[in-house]
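Here's the letter readout for the chains.
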Amino acid sequence: MKIIDLSGNWSYQTDYDDIGIQKEYYKDTFELGGFMLPGSACENGIGKKREYYDKLTKEAVRAPREKYEYAAPLWLQREIEIPKEFEGKTIRLFLERVNIASELWIDGEKTGRQIIELSAPHIYNLTDKLTPGKHMFTLRIDNRNLLNLDTMASGYSVDTQGYWNGIVGRVELQAENIFHMESIQVYPDEKGINVKITETSDVFSPFGHKNGAIEMCVTAPDGKRLDTKRFDISLYNSKQVDYVRYDIDDIKYWSEFTPVLYTLDVRYICDGVQDEKSVKFGMRIIKSKDKLLLLNGRQIALRGTIDCAIYPLTGYPPTDLEIWRRNFLIVKGYGLNHVRFHAWCPPEAAFTAADELGLYLSVEMPMWLNRDVCALELGEDSIHRSYFMQEAITISKTYGNHPSFMMFSNGNENMGDFDLLNDITTCVKAYDNRRLYTLTSNFDHPVMPCEDYLCAYEAGGTPVRIQNIQEEAAKSTCLDYSMAVKNIPVPMISFEVGQYCVYPDVRIIEKYTGNMLPVNFHSIKEEMMKKGVYHKLADYIMASGDLAVKLYKEDMEAALRTKNFGGFELLSLCDYTGQSTATIGILDVFFDSKGLIEPAAFRQFCNSVVPLLKAKRIYRTDETFEPEFDLYDFGEKKIQNPEYDIKIYNKEELFYQCKTKDPKICVELNTIIKSTQLRVTVDVQGYQNQWRVFVFAPCEECEEVCYIRTPEALKKILETGGRGIVTKECFDNPMDGSFIPVFWSPVHFPSQKPCGAIIDDTHPIFKDFPTEKYPDYQWKTLLDHSKNMEISLLGRDFKPMVEIVPNFMDNTPSSPLFELQAGSAKLLFCGFDLERDDIASRQLKQCICQYVSSNLFMPETKVHNLYDAVKVKK
């Protein structure tokens, strides 16, 4: 194949009013030069310049925006010289990725039809349309919503890659012999490969058959060339399909552990002309059988994350292999083996990188249509049927040889015409059986005969992520989804696990050096400064992030504990900066760490092998710790009869240890005399995991303390002096507390919930209440039933015993536990419900009483007028 690289400088003409066809722009010579391809209109400084918002609003925080926004037809033009050697050849114009439609004129004449395609290259057949010499190529690129996709699908949404206009990736003219192979598709099985070859020729008559041949040779992953095989064929058409067979001995299978690739070299011979092409492929066989995912005959489980097409430097998907290698190496470094492309299909480079590194990919079309979030549902526009049916086949044909392309879903959270989804899935599965299929990602529904798996957050009415069963998850580490596995006839994958809001690190603004303007982060930063909390940013990030990590661990381990579970897909390892700024990742949107947890620590609970523990979280010293152990084992070689190396630490002191193959132990806790946090570690052949367990010892009885529950009582102690506990009944317009943070975004799903807490764990009030700087499950009931008082008037350096991390739309500093001195009155303000009867609440009540009645109760912060300093009822 001969190639002319068309990247570089093109002339352009804007067409904001869509008059270009009427005015026959394609006959003009454009005066404006300097449009660089590959690239977008924004990248070339074309469009309406975007400015920062002047206040925090829903629209301001929706997503970063292109610095220059252009949503209209855009005309590109370039004179191209066709060499003599292209004469008599098959010629194609290849545009790797276009958003959304393209049309082509050559020398003022329309060439072919408009191409509307979001997931694969735009390819124009220019055979017999070009002569040697100079020709004027004019392209019209239209990025408007021509398919009625609404605004949610990651493949076409302002929340993700945006509505960029342009051409990215390879831009080239290709020429090859009339006799050539247009497509080679490789279908592996347990004994070798079937190969589907689409050949072209000059046979146009039913009476003009020609003889030809196909020669094939396979190179094994170790470089050994296998036998060459020849197949004689009869050419009966200008484009035809032949199927041939190539058996392979001593097969080396492709997987996450052995991402080995074969090379198929094919030579097509006819009329003295030869066409040679090579295809990389992996020997990979994926099946759904008996509710299990089987890869090469062995059960696997997915540990995945979501890719939503958010690339903050360009605003469009990368076609650079190195970018995908970097991102996928990071994904694997966190113990994951799977990436789901959320309502979009990535470019070729993503599949190539995943092939090399051993990642299992699930791909979708740009389809997210339901009336819960969109103006229409799937199928309401007739174009949905024609476009998506063809799109599914195009995706399969374009990327189908990649072993990493293991699963296909039509799209995300679709409602409406399920007959259409069933038709698409049935057809594309019949066309290409190399992967597994499901109708749509998310939403519980009866499994159709064409479906190989179900990906949803509920299955048969049973939850398969802990979002709506947090109370049950808080009690112990025993939760699993076995009921869902029992009720569903296909493998079950937990959909978009997590979505715990981490406070946005607005310092990320400095990283936006490319096409995107971080208007959302700028608005949040301005609001933080206005509210006087910007100096708390680092603490807010770490506190909210610590909680998110703990909750992600619980979500993932629930999936890992479930026998024969298909796996989980996180939302997400990295942030989603759209849909009102959903900073729910352990990494930021640049795939950089936020400093919340190191990959090695994350792999303790997210890896191919993970020790697991089933036990309560909170104990009294008169109870017995009786945990059960298990091993999630999907490693390269299964561990037979595992031995558990168990250590229990009381602070830094070793409290208990044993090595056992019995998955149960019994540990008496009555030797513990002081309330404490135990750290339980379990190691199996170098795979280690750990958990916190809280043990409460009886508190000494404290003296009677004064509880101030009414405004009158508060007024009295301010007049007479003394010490007392001001309860939540005196708080004026307090904010509700919550252990579980905001889901996704406090704007997209409106919420007043906070995002964690910061605890002064060295304060003497916690002498007998085990805690670290950030809360764990011993705080859940306390925080869930708390009331928080605003503390912004107490000064930027005021340090409460417990400070609540606000969500970014609120940014109001508050606390359920702090102390002040007003005149001669020493007051401890407590928004916790001290009348609850759970172990942790009783313990904290005793700790508070002991502290207030002790000589240690000496509030550092003194106020002249309490009513001017805090919001209490008068």
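Each value, and the rule that gives it
- Residues numbered from 1 in each chain as written.
- Predicted model: local features only at pLDDT ≥ 70, side-chain atom pairs only at ≥ 80, totals over all residues.
- Heavy atoms only, no water.
- Pairing = 2+ DSSP bridges.
- Helix = DSSP H or I, 4+ residues; strand = E, 2+ residues; numbered from the N terminus.
- Axes fitted to C-alpha atoms, helices over the stretch in contact; angles between N-to-C directions.
- Expected span 1.5 Å × (residues − 1).
- Buried < 20%, exposed > 50% of the residue type's maximum accessible area, 1.4 Å probe, protein only.
- Parallel < 35°, antiparallel > 145°, perpendicular 65-115°, else oblique.
- Left-handed = near helix turned anticlockwise from the far one by under 90°.
- Contact = heavy atoms within 4.5 Å.
- Nonpolar A, V, L, I, M, F, W, Y, C, P; charged D, E, K, R; others polar.
- Phe/Tyr/Trp six-rings, centres within 6.5 Å; stacked < 30°, edge-to-face > 60°.
- Lys NZ or Arg CZ within 6 Å of the ring centre and 35° of its normal.
- Salt bridge = Lys/Arg side-chain N within 4 Å of Asp/Glu carboxyl O.
- Core = buried A, V, L, I, M, F, W, Y, C linked by side-chain atoms within 4.5 Å.

Q: Before we move on, could you go through the sheet that holds strand β17 (residues 192-200) and cite the residues and values that matter?
A: Taken in spatial order, the three strands of this open sheet run β16-β17-β20, and their pairing is antiparallel. Pairing within the sheet leaves two strands with one partner each, and these edge strands are β16 (181-188) and β20 (239-247). If you compare each strand with its neighbour and ignore which way they point, the axes differ by 20 degrees on average. Bridging between β17 and β20 involves nine bridges; their strand directions are antiparallel.

Q: Before we move on, can you summarise helix α12 (residues 839-852) with the specific residues and values?
A: For α12, built from 14 residues, the straight-helix expectation of 20 Å at 1.5 Å per residue is met to within 8% by its first-to-last C-alpha distance of 20 Å. Among the 14 residues of α12, 12 are classified as buried, and the element is accordingly described as predominantly covered.

Q: Please provide a residue-by-residue account of the packing of helix α3 (residues 383-399) against helix α4 (residues 418-431), values included.
A: At their nearest, the axes of α3 and α4 sit 10 Å apart, and the two run at 25 degrees to each other. Here α3 lies roughly parallel to α4, going by the angle between them. Like other packed secondary-structure pairs, α3 and α4 cross with a definite hand, here right-handed. Where α3 abuts α4, its residues His384, Arg385, Phe388, Met389, Ala392, Ile393, Ser396 and Lys397 lie against Asp419, Leu420, Asp423, Ile424, Cys427, Val428 and Tyr431. Its residues assigned to classes, the contact of α3 with α4 comprises nine nonpolar, two polar and four charged.

Q: Break down the pairing of strand β21 (residues 262-270) for me, citing the residues and quoting the values.
A: For β21, the buried fraction is high: seven of the nine residues fall into the buried class. The sheet contact formed by strand β18 (residues 210-219) and β21 spans eight bridges and is antiparallel. Counted as the bridge partner of Thr219 is Thr263 from β21. Note: β21 against strand β22 (residues 273-281), nine bridges, orientation antiparallel. The residue bridging Tyr268 from the neighbouring strand is Asp275, located in β22. Two successive antiparallel strands, β21 and β22, enclose a turn made up of two residues, where Asp271 displays a positive phi of approximately 55 degrees.

Q: Any details on unusual backbone geometry? Residues and values, ideally.
A: Asn99 connects to Ile100 through a cis peptide bond whose omega is 15 degrees. In this structure, Ile100 sits in the loop between β9 (90-98) and β10 (101-106). Here the residue pair Leu571 and Ser572 is connected by a cis peptide bond, since its omega of 5 degrees sits within 30 degrees of zero. Structurally, Ser572 is set in the loop between β36 (567-571) and α9 (599-602). Here Asn148, not a glycine, exhibits a phi torsion of approximately 55 degrees, which is positive. With respect to the helices, strands and loops of the structure, Asn148 is situated in the loop between β14 (133-142) and β15 (166-176). Looking at Asn148, the relative accessible area reads 30%, which means it is partly exposed. Of note, the phi angle at Asp290 is positive, near 50 degrees, even though the residue is not glycine.

Q: Now, about the packing of aromatic side chains: what can you tell me, with residues and values included?
A: One pass over the full model with this rule turns up 38 aromatic pairs. Summarising the aromatic geometry, the rings of Tyr500 and Tyr552 are spaced 5.4 Å apart at their centres and angled 80 degrees between planes, so their arrangement reads as edge-to-face. Placement of the pair is Tyr500 in the loop between β34 (492-498) and β35 (516-517) and Tyr552 in helix α8 (residues 537-561), with a sequence separation of 52 residues. For the pair formed by Tyr500 and Tyr552, the shared burial category is buried. Among the aromatic residues, ring-to-ring pairing joins Tyr311, Trp324, Phe328, Phe341 and Trp344 into one connected group. Of note, Arg434 hangs over the ring of Tyr187, and the distance from its end group to the ring centre comes to 4.3 Å. Between Arg617 and the ring centre of Tyr777, over which it is positioned, the NZ or CZ distance is 3.9 Å.

Q: Help me get a handle on the pattern of salt bridges, residues and values and all.
A: In this structure the tally under the stated criterion is 65 salt bridges. Where Glu276 meets Arg267, a salt bridge forms, and the shortest distance between an N and an O atom there is 2.9 Å. We classify Arg267 as partly exposed; its relative accessible area is 28%. Beyond isolated ion pairs, a larger network of salt bridges with shared partners links Asp18, Glu103, Lys110, Arg140, Asp142 and Arg144.

Q: Talk me through the nonpolar core; I want residue IDs and the actual numbers.
A: Core analysis: the largest hydrophobic core is formed by 159 residues, its most contacted members being Phe328, Phe766, Trp779, Leu817, Leu828 and Ile848. Among residues more than four places away in sequence, those in contact with Leu817 are Ile765, Phe766, Pro800, Met801, Val802, Leu828, Phe829, Cys830, Phe832 and Ile848. Counting 31 residues, the second largest nonpolar core, distinct from the first, contains Ile46, Tyr70, Phe86 and Ile141.

Q: Give me the lowdown on the sheet that holds strand β30 (residues 436-438), citing residues and values where you can.
A: Pairing is parallel in the open sheet, where eight strands are placed in the order β30-β29-β28-β27-β26-β36-β34-β31. The open sheet has two edge strands, β30 and β31 (454-456), and neither has a second partner. Across the sheet, the mean angle separating the axes of adjacent strands is 25 degrees when strand polarity is ignored. Both β31 and β34 contribute to a ladder of three bridges, which runs parallel. Note that in β34 the partner of Ala456 across the bridge is Ser494. Helix-sheet contacts for α3 involve β28 (360-364) and β29 (405-409), and the interaxial angle to β29 is about 175 degrees. The strands touched by α8 within the sheet are β34 and β36, with β36 carrying the most contacts at an inclination of about 165 degrees.

Scope: geometric values only; no functional claims are made or implied.
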